[in-house]
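Letter by letter, the chains look like this.
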Amino acid sequence: MPFEANGKTFETDEEGYMVDLGSWEPECATVMAALEDQPLTEAHWEVLNFLREYYDEYQIAPAVRVLTKAIGKKLGKDKGNSKYLYELFPYGPGKQACKYAGLPKPTGCV
Amino acid sequence: MSTLHTVNKSPFERDSLSSCIRLAAKGHSILLIEDGALGAMAGTDHSDMVAGVMKDVSVYVLGPDLAARGMSEDRIIDGIQVVDYSGFVELTAKHDTCQSWL
Amino acid sequence: MATKKFMFINRKAPYGTVYALESLEVVLIGAAFEQDVSLAFIGDGVYQIAKGQSTDGIGMKNFSPTYKALGDYEITKLYVEKESLEARGLTLDDLMPLVWEDEDDDYAEKPSIRLVSSAELAEVFDDQDVVLSF
């Protein structure tokens, strides 16, 4: 389902992931999250921004296990655990956060 | 009749380039594209074979295919000319026929 | 589930065929199973981890940065066959400096690439439970 943000239309695949990763802008995350009744706090943005940086560097969406470990290293052990990340993104930190961040579905995510 | 030969297979993997070099006639041109671009590199097991044909045949390589594979234009065999896509088109237009060594 | 030794052999140059990318995707997906995974780069496969790849001109995605993420996936053994490099006029300096971070050693970066001879690599292959060739 395509969605609208900043007056532009963005295409998504059948699971809601953006087709054109390069066209992502922060407003896209806000709109996609609102469509799923998910408010985005500072803590959410911290993860989304981390994912954007990870994708820029490695050209993949990290598996949840990798994301958890990397967040722990970057943002501290209190955030680098499944409990913290699942509280922020109840549909799964990989699937849900990657979607809002305009990344593809994580490789190896079932 | 002038012919442009294109080779898109790595010389390490297939014999496309060696067959092409063996059978290209004097005055023909060879353009290395895709994985075939690897055949343009100096200092490999096949460099001498390529350099050897260059007295009779002009050899070209497609620059974007070199760049994609991380191969520097500074390290190609002396005398091989780097072309871009419009150069590819010009070569095609300049020759009577084009033979693809797939 | 007992841990098995998996070896992925990479034999093709990137971009010309889809083997390199397919192998990388299988490796990343397989990492979820937490097995003992090694990769080998032989023949034209050594070009997959060549430094300085730039695909802007060919309109394909440059997936070489993804090899840098292998360490995060606990894949830390990347064997490169010396003879294959030499036949192509390449040295270790022409490859990306791939490393992994050792959590137990204050995240010290350690090299993932192991330059081995054909004879040494044959022994590594012989020691595997599962070998997949791309």
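Model, not experiment: these values are computed from the prediction.

(A) Summary view of helix H2 (residues 42-58) of chain A. All names here are of chain A. Given a rise of 1.5 Å per residue, 17 residues ought to cover 24 Å, and the 24 Å separating the end C-alpha atoms of H2 matches this to within 8%. Looking at H2, one finds that the buried residues are His44, Trp45, Val47, Leu48, Phe50, Leu51, Tyr54, Tyr55 and Tyr58. Looking at the buried residues of H2, the elements they touch are helix H1 (26-35), helix H3 (64-75), helix H4 (82-88) and helix H5 (93-100).

(B) Structural view of the interface of chain A and chain C. Each partner contributes residues to the interface: chain A has 16 residues there, and chain C has 18 residues. Our enumeration of links across chain A and chain C arrives at four salt bridges. Across the pair Glu74(C) and Arg65(A) runs a salt bridge whose closest N-O atoms are separated by 3.5 Å. Between the two partners, chain A and chain C, sit nine residue pairs in polar contact (both at pLDDT 80 or more). For the side of chain A that touches chain C, the per-class residue count stands at eight nonpolar, three polar and five charged.

(C) Molecular detail of the pairing of strand S5 (residues 108-111) of chain C. Residue and element names in this part refer to chain C. Here strand S4 (residues 99-102) runs beside S5; their pairing, made up of four bridges, is antiparallel. When the bridges of S5 are listed, Trp100 appears paired with Lys110. If you look at the hairpin formed by S4 and S5, you'll find five residues sitting between the two strands, and Asp106 has a positive phi there, around 55°.

(D) Structural context of the sheet that holds strand S3 (residues 77-81) of chain C. Residue and element names in this part refer to chain C. Spatially, the five strands line up as an open sheet ordered S6-S3-S2-S1-S7, and their pairing is parallel. Both outer strands of the open sheet, strand S6 (113-116) and strand S7 (130-133), are each paired with one neighbouring strand and no more. Neighbour-to-neighbour, the strand axes of the sheet open up by a mean angle of 25°, direction not taken into account.

(E) Representation of unusual backbone geometry within the structure. Positioned with a positive phi, Gln59(A) is a non-glycine residue whose angle comes to about 65°. Summarising the element assignment, Gln59(A) is placed in the loop between H2 and H3. Positive phi outside glycine occurs at Tyr15(C), with the angle close to 75°. Mapped onto the elements, Tyr15(C) comes out in the loop between strand S1 (5-10) and helix H1 (19-30).

(F) Structural context of the nonpolar core. By size, the foremost hydrophobic cluster in this structure holds 89 residues, and its most contacted members are Leu39(C), Ile49(C), Tyr67(C), Leu70(C), Tyr73(C) and Ile75(C). Here the element with the most residues in this core is H2(A); it accounts for eight residues. Excluding its chain neighbours within four sequence positions, the residues that come into contact with Leu70(C) are Leu24(C), Val27(C), Leu28(C), Leu39(C), Ile75(C) and Leu78(C). Ranked by size, the runner-up nonpolar core spans eight residues in total, among them Ala40(C), Tyr79(C), Val116(C) and Leu121(C).

(G) Local environment of H1(C). Residue and element names in this part refer to chain C. The end-to-end C-alpha distance of H1, which contains twelve residues, comes to 16 Å, matching closely the 16 Å that a straight helix rising 1.5 Å per residue would cover. Of the positions making up H1, those classed as buried are Ala20, Ser23, Leu24, Val27 and Leu28. Buried residues of H1 fall within an arc of 130° about the axis and therefore sit on the same side. Elements that come into contact with the buried residues of H1 comprise S1 and strand S2 (36-41).

The rules we used
- Residues numbered from 1 in each chain as written.
- Chains lettered and ligands numbered in written order.
- Predicted model: local features only at pLDDT ≥ 70, side-chain atom pairs only at ≥ 80, totals over all residues.
- Heavy atoms only, no water.
- Helix = DSSP H or I, 4+ residues; strand = E, 2+ residues; numbered from the N terminus.
- Expected span 1.5 Å × (residues − 1).
- Buried < 20%, exposed > 50% of the residue type's maximum accessible area, 1.4 Å probe, protein only.
- Contact = heavy atoms within 4.5 Å.
- Salt bridge = Lys/Arg side-chain N within 4 Å of Asp/Glu carboxyl O.
- Polar contact = N/O pair within 3.5 Å; in protein donor to acceptor, adjacent residues only side chain to side chain.
- Nonpolar A, V, L, I, M, F, W, Y, C, P; charged D, E, K, R; others polar.
- Pairing = 2+ DSSP bridges.
- Axes fitted to C-alpha atoms, helices over the stretch in contact; angles between N-to-C directions.
- Core = buried A, V, L, I, M, F, W, Y, C linked by side-chain atoms within 4.5 Å.
- Arc of directions from axis to C-beta.

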